[in-house]
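Letter by letter, the chains look like this.
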Amino acid sequence: MRPLLLLPVLLIATACTGPQRPSAEASWVAVAGEPLPPSPEQAWLPQPPLAPFTAPSRDANAAATTALAPGDDPGTWRWDLEYRAGRTFDYGELEYPAPLPAGTAAIGVRWRPQEGVPAPVLRLRLRDAGGEIHQFTATRGDPAAAGWRLAVVPLAHPDAVWGGDGNRRLDAPVQVLSLVADRPWRGFAGGQRLLVAAPQVLAAQAAPADAGLALAVADPPLGHCYPAGGTARLRATLPRGTLRWTVTGLDGAVLARGEGAAPEARIDIPLAGPCWRECRIEAEDGAARSALAYRCAVLAEGSARAERLGVCVHVLVQRKDAWPLAALELVPRLGLGSVREELAWNEVERPAGSFALPAHHQAVLERMRVLALDPLLILYAGHRDHGDGWPLTLAARAAYAGYAARAAAALPWVRRFEVWNEWAAGTGVDPRRRTPGANTPEAYAALLAEAATAVRAVRPDAQIAGIGGENITARRPHFGDRLLWEEMLTAGAGEHMDAASFHPYRWSEPPEATGLAPEVAAAARRVRALGGPERLWITEIGWTSPGMGPGVGLREQGVYTVRALALLAAEPAVERTWLYDLLDDGTDAADKEHHFGLFSHHSRGLMPKPSAALVAAFARATAGAACRGRAVRDDNWAVRWTLPGGDDLVMAWSAGAERPLAALVAGTPVEARDAAGALLPGPPERLGPSPVYLRGRGLVLAAAQQGDR
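Residues numbered from 1 in each chain as written. Predicted model: local features only at pLDDT ≥ 70, side-chain atom pairs only at ≥ 80, totals over all residues. Heavy atoms only, no water.

Participant: Break down the pattern of salt bridges for me, citing the residues and quoting the values.
Facilitator: Tallying each qualifying case throughout the model produces 39 salt bridges. In this structure, Arg-535 engages Glu-575 in a salt bridge whose closest nitrogen and oxygen atoms are separated by 3.0 Å. Of this pair, Arg-535 sits in the loop between α8 (516-529) and β28 (536-538) while Glu-575 sits in strand β29 (residues 574-579), and the two are 40 residues apart along the sequence. For Glu-575, a relative accessible area of 28% puts it in the partly exposed group. For Glu-671, the salt bridge identified is with Arg-695, shortest N-O distance 3.5 Å. Linking Glu-671 in strand β34 (residues 671-673) with Arg-695 in strand β35 (residues 692-696), this pair joins segments that are 24 residues apart in sequence. (Salt bridge = Lys/Arg side-chain N within 4 Å of Asp/Glu carboxyl O. Helix = DSSP H or I, 4+ residues; strand = E, 2+ residues; numbered from the N terminus. Buried < 20%, exposed > 50% of the residue type's maximum accessible area, 1.4 Å probe, protein only.)

Written out as structure tokens, the structure reads:
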């Protein structure tokens, strides 16, 4: 039998089946792989429509014009929309009043977007017995394609809830209100035509029996990150039945495919240079089915790290599902210089007034020190002997300040500390131990002042981040929808911090369309105006890639992440940025909090997502470089750096319609690399959503300059 050969230029697909003897030099290691969900048509059985469509009595939203006419197919409507740029909200709403049968688990919407036009984001709105509006995301800006598709809306995880009794539960009886066609991204302008069928209740089909597919990899490196020129050797085994597989790259193009029969198939994936690969294996044995994905990468190499970039980790957490210590070694492989980790008060102060690092903590912190990871340690979470909640009393604040000072004294090699995490959002406090609204901005300012004073008394060299990682625009209902971080500064917090910490998440949208750069710049000006420091630390930012619900796809996660890093690099006030986070925190496909990682959950084998390859390329390309500014034209962007050797580096991409590279960057690059860091034969003529890196002398941003320096 011959293995599947995958070459960068010549594509060869060969089936390899039948029993094989493992090679003597290989050590085969089982890997769980990423379970691939069944298609919506395989997972759900549509029931009759809830009710026929009727023309709405009015256009439900004046921000977009809608014209409804009967569609070409019976039971559908043709929906014409026109989006206009420059609006905070811009969507069309198709009213669809219909009662929802009790016990409904999911609703399906059959729709056909206009081919060749960016597809909208479909959302479904329901109203429950308490008057709350629950909004569910049905699609996530999927690429436009021909033909009908079924959008599935599970009713377990709304992406927004407002109004009504405020209990955030979907209380029966429930009424369907409308379908919403949101623009593909904020700032999008243009027309779209959709065909939409009336929503249907979906009944979950019984999951097919597992065909018994199992995967093993020969001598896998940590994180399945191979050296350039290596080969990922994959073995798929199956008791009975047939196997099919495809190998794709960063752009989703199929590089190779093959098929075979039980009991075994071998798939070799050559990895010539910086790249990311996904192998999808599907197995069938009659009605039984299994589908798994194996992912691997070659990360861009370099001797220098991007010291201003880091990643959030959860290795210190001691629980059943704790991250493995070895995961820390992925951070320098990515070319990152720092980690952000929480040092839980309740774990290191036992009994009250003492300080001792448990053995696990000692091992983790020592590994960080050996790897030169320059941690930012978060000092937070309630303590059982001090109210088990926010430190609000004089005694609790004094106890917290003592813990902070003892931590700083015990870890002289740690330079950076953050006082609490997401104070205003209530993070780190058990909901049973907190009173909504007790976490006032004045209480945080008092805590920061006492903790910072105590830390500086023992560590004058320490740098302290304050504000607690607020989202810049988040307003908290318990405080009358006020911006609490501004009030923290008004209460005097600014004079006690070296950097202001923010979490400017964008969720399902790209960073350019949501105004990431101007939002951060405005926050920096406001911090200074209220007596705060000159510098900002972006201590969390990232995109989640769940299998369903709010979030983005795997490839969008990587592309949005590095584009955000470039935009933040061009902001003079942003000194440091930490991505959230290194590994997925869980495996629930419907839980957005589980899927922010650059690598998969450790139970899935720490496989790299595209974001790992793209972040490594960005970190290696910009390590030690000085950012000189950014430019934009027609939603095409470029950021320029000066490299240590004097060369210019430009990262360029399109966040909208593709435009010629020459309209944005002038000069002749001597080298061009793709988003993963692989060498290209030359610069592309036109820009796409994945960034390209250009290196040379005399490269100039030809478009309108923004923040050039």
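Participant: Report on unusual backbone geometry, specifying residues and quantitative values.
Facilitator: Between Arg-350 and Pro-351 the backbone carries a cis peptide bond, its omega angle lying at 5°. Here Pro-351 shows up in the loop between α3 (345-348) and α4 (359-370). In this chain, Tyr-580 is followed by Asp-581 through a cis amide linkage whose omega measures -15°. Even without a glycine there, the phi angle at Asp-388 is positive, about 55°. Inspection of the secondary structure assignment puts Asp-388 in the loop between β24 (376-380) and α5 (394-410). For Asp-388, a relative accessible area of 26% corresponds to the partly exposed category. Of note, Asp-635 is a non-glycine position whose phi angle comes to about 65°, a positive value. Mapped onto the elements, Asp-635 comes out in the loop between β30 (626-633) and β31 (636-642). Judged by relative accessible area, Asp-635 falls into the partly exposed class, the value being 27%.

Participant: Run through the sheet that holds strand β18 (residues 254-261), naming residues and quoting values.
Facilitator: The five strands lie next to each other as β2-β21-β20-β17-β18, forming an open sheet whose pairing is antiparallel. Strand pairing shows two members of the sheet lacking a second neighbour, β2 (34-35) and β18, which therefore form its edges. Relative to β18, strand β17 (residues 242-248) runs antiparallel, the two being bridged by seven bridges. Paired with Arg-244 across the strands is Glu-259, a residue of β18. (Pairing = 2+ DSSP bridges.)

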